[in-house]
Amino acid sequence: MSLFKRIVSKLTNQPEEDTKQSLEKLGDSLKNADLDYKFAQLFTHSGGFFNYCADEAEALQTLNQILKIEGITSVFCCDKDLQGFLNVIKTNNTPELESGNDAAFISCEYLIAYDGRIMLSHNNILHYHSSRLPGKIIIMANVSQIVNNLNDAMGKIKRTGNIKNLTSISGNHSKLDAAANNNTKLFLLLIED
């Protein structure tokens, strides 16, 4: 990046273009790492908040802490199993997205180790586009959902069938999302299988 572009980006508080290159360099340096480690590194590097949980009890405790720290009072959650978590900690939730929701608590299809992205479908966010979700998104997933790359995820999706409206999201500092909402906070609760 030229000196002029660096100065302009500092003055206008815009992140430098080096972020995408550093994500690619980090990915290259981790090419021989375990998939879960690689995913965690790239996910956090792109601005996501990664939380490893040994079991569902620890995930519930971590979820409760996130809700308290972030001041979340109303959550969009269309997954019946996840609604059970919210009911245990007595958090208001709605099965349809409403303007009063300050967070979404969702599951996902796959975690892509190649670039730290999270693949979502109609099963996770209904008919809503990911850009319509609240500014805070909490995702619960299992270690077994981590795949090497997008091709692996698409192959698994083709085998299971009946999955539609695929999209993916990543942390708020990622340059891979051209129209990303820079105010989005993405939390991941990753549970050991």
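Predicted model only: the values in this text are computed from it and were never measured.

Before going further, it helps to examine the overall build of the protein chain. Helix and strand counts for the protein chain come out as seven helices and ten strands. Look at the contacts in the protein chain between residues 6 or more apart in sequence, and 71% of them connect residues 24 or more apart. Entry remark: accessible area of the protein chain is about 10700 Å², with carbon and sulfur atoms responsible for 48%.

Judged by nonpolar contacts, the single largest core of 24 residues is most densely connected at F39, F76, I106, L111, I118, I139 and L188. Put simply, the parts of the chain that give this core at least two residues each are helix 3 (35-45), strand 4 (103-106), strand 6 (117-120), strand 7 (136-142) and strand 10 (185-191). Ignoring anything within four residues of it in the chain, the contact list for L111 reads F39, R117, I118, A141, N142, Q145, I146, V147, L188 and L190. Formed by 19 residues, the second largest nonpolar core is a distinct cluster that contains L63, F85, I89 and I191.

Here we come to helix 4 (residues 56-70). Each full turn of the α-helix corresponds to 3.6 residues, which orients residues three or four apart in the same direction. In this model, helix 4 (15 residues) spans 21 Å end to end at C-alpha, consistent with the 21 Å of a helix rising 1.5 Å per residue. If you check which residues of helix 4 are buried, you get A59, T62, L63, I66, L67 and E70. On an axial view of helix 4, the arc spanned by its buried residues comes to 140 degrees, and they lie on one face. In helix 4, the exposed positions that point more than 90 degrees away from the buried face belong to A57, Q61, K68 and I69. Looking at the packing, one finds that the buried side of helix 4 touches strand 1 (49-53), strand 2 (74-76), helix 5 (80-88), strand 4, strand 7 and strand 10. Its side-chain oxygen 3.3 Å from the backbone nitrogen of A57, D55 forms the N-cap of helix 4. Backbone geometry just after helix 4 places G71 at a positive phi near 70 degrees.

Overall, parallel pairing links the six strands, which are arranged 1-10-7-4-2-3 in an open sheet. Each edge of the open sheet carries a strand with a single partner, namely strand 1 and strand 3 (92-94). The average undirected angle you get between the axes of adjacent strands in this sheet is 25 degrees. Alignment of strand 2 against strand 3, held across three bridges, turns out to be parallel.

What follows concerns the packing of helix 4 against helix 5. Working note: a packed helix pair is described by the angle between its axes plus the distance between those axes. The N-to-C vectors of helix 4 and helix 5 enclose an angle of 65 degrees; their axes lie 10 Å apart at closest approach. In this structure, helix 4 meets helix 5 at a crossing whose hand is right-handed. Contacts from E56, L60, L63 and L67 of helix 4 reach helix 5 at F85, L86 and V88. Tallied by class, residues from the contact of helix 4 with helix 5 come to six nonpolar, no polar and one charged.

For the protein chain, per-residue confidence averages 85 on the pLDDT scale, and 79% of positions sit at 70 or higher. pLDDT under 50 marks residues 1-5. Its contacts with residues more than four places away, or in other chains, come to four contacts. Per-residue pLDDT stays below 50 along residues 174-181; that stretch engages in 14 contacts with residues further than four places along the chain or on separate chains.

The next thing to look at is the side chain of T62. Here T62 shows up in helix 4. In this view, T62 contacts N51, C53 and L189; residues no more than four positions away in its chain are not counted.

A word on the sheet that holds strand 8 (residues 146-147). Strand order in the open sheet formed by four strands is 8-5-6-9, and the pairing between neighbours is mixed. Edge positions in the sheet fall to strand 8 and strand 9 (167-169), since each has one partner strand and no second. In this structure, strand 6 lies alongside strand 9, joined through three bridges in antiparallel fashion. Bridged to L120 within strand 9 is T167.

Quick notes on the rules
- Residues numbered from 1 in each chain as written.
- Predicted model: local features only at pLDDT ≥ 70, side-chain atom pairs only at ≥ 80, totals over all residues.
- Heavy atoms only, no water.
- Helix = DSSP H or I, 4+ residues; strand = E, 2+ residues; numbered from the N terminus.
- Contact = heavy atoms within 4.5 Å.
- Areas by Shrake-Rupley, 256 points an atom, 1.4 Å probe, with all protein chains shown as cover.
- Core = buried A, V, L, I, M, F, W, Y, C linked by side-chain atoms within 4.5 Å.
- Buried < 20%, exposed > 50% of the residue type's maximum accessible area, 1.4 Å probe, protein only.
- Expected span 1.5 Å × (residues − 1).
- Arc of directions from axis to C-beta.
- Polar contact = N/O pair within 3.5 Å; in protein donor to acceptor, adjacent residues only side chain to side chain.
- Pairing = 2+ DSSP bridges.
- Axes fitted to C-alpha atoms, helices over the stretch in contact; angles between N-to-C directions.
- Left-handed = near helix turned anticlockwise from the far one by under 90°.
- Nonpolar A, V, L, I, M, F, W, Y, C, P; charged D, E, K, R; others polar.
- pLDDT = per-residue confidence, 0-100.

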